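# Working through the structure, step by step
Here are the chains, one letter per residue:
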Amino acid sequence: MTGMIGSEMAGLKKEHIHGGFIYVRDSIVRGVARIGELKTEYRRREIPITSALRERLDRAIQRGNGSYIFSMEDGEHFNINSFRKTPWSKALDKAGAKYRHTYTTRHSFAEWCLIGGIHPERLIRLLGHGSKQMVYEVYGKYVKDIGKDTGQIR
């Protein structure tokens, strides 16, 4: 629902949510907190919070007991590798779906934004990319095929 990558989700603190926005400022890469450090300078961004996103964030905040919003069952901060191995794989198996990388959720977010008519410049800022070229090269190629299904999705 945000287009954030795993390291950004891991570094998301309660203090980063205010005024109707998620302020992407920190990351945790391979277990090391990188305060004020993101993958690129463009990843420092503000993501508007929709009502559906607010509902999910509020639930995550209520469950957590530390300064980070997302955590693992053992109480540690969110770890994309642990998540991928256990809950993600189990959910795909239960759904009868073939394995997909967790990163596909970011791709799906971008593709549906493009199909929904979001302006590419806005999508660039939401995803933290540096140019339209990146959006069109990485996500645009999928829009043609996924657009065929929009009438069937209810």
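For the structure itself, look to the data block above.
Residues numbered from 1 in each chain as written. Predicted model: local features only at pLDDT ≥ 70, side-chain atom pairs only at ≥ 80, totals over all residues. Heavy atoms only, no water.

Now for the packing of aromatic side chains. Applying the stated criterion to the full structure yields three aromatic pairs. Seen from their ring centres, Phe78 and Phe83 are 5.5 Å apart, and the 50° between their planes marks the pair as tilted. For Phe83, a relative accessible area of 24% gives the class partly exposed. (Phe/Tyr/Trp six-rings, centres within 6.5 Å; stacked < 30°, edge-to-face > 60°. Buried < 20%, exposed > 50% of the residue type's maximum accessible area, 1.4 Å probe, protein only.)

Taken in spatial order, the three strands of this open sheet run 1-2-5, and their pairing is antiparallel. One side of each edge strand has no neighbouring strand; the edge strands of this open sheet are strand 1 (17–18) and strand 5 (45–48). Sheet topology places strand 2 (residues 21–24) next to strand 5; four bridges connect them, and they run antiparallel. Along strand 5, the bridge assignment pairs Val24 with Arg45. (Pairing = 2+ DSSP bridges. Helix = DSSP H or I, 4+ residues; strand = E, 2+ residues; numbered from the N terminus.)

Excluding glycine, residues mostly have negative phi values, and the peptide bonds linking residues are mostly trans. At Arg30, a residue that is not glycine, the phi angle is positive and equals roughly 50°. Judged by its relative accessible area of 79%, Arg30 is exposed.

Once that is clear, we can look at the side chain of Ser7. Tracing the sequence through the fold places Ser7 in helix 1 (residues 6–10). Residue classification places Ser7 among the buried positions, given a relative accessible area of 18%. Sequence-distant contacts of Ser7, that is, excluding residues within four places in its chain, are made with Asp26, Ser27, Ile28 and Val29. (Contact = heavy atoms within 4.5 Å.)

Here the focus is the pairing of strand 2. Taken together, the two bridges between strand 1 and strand 2 define a ladder with antiparallel strand orientation. By the bridge assignment for strand 2, His18 is matched with Phe21.

Bringing helix 4 (residues 104–115) into the picture now. For helix 4, spanning 12 residues, the distance from its first C-alpha to its last is 16 Å, which sits close to the expected 16 Å at 1.5 Å a residue. Considered for burial, the residues of helix 4 that qualify are Arg106, His107, Phe109, Ala110, Glu111, Cys113 and Leu114. Looking one or two residues past helix 4, Gly117 carries a phi angle of roughly 95°, positive in sign. (Expected span 1.5 Å × (residues − 1).)

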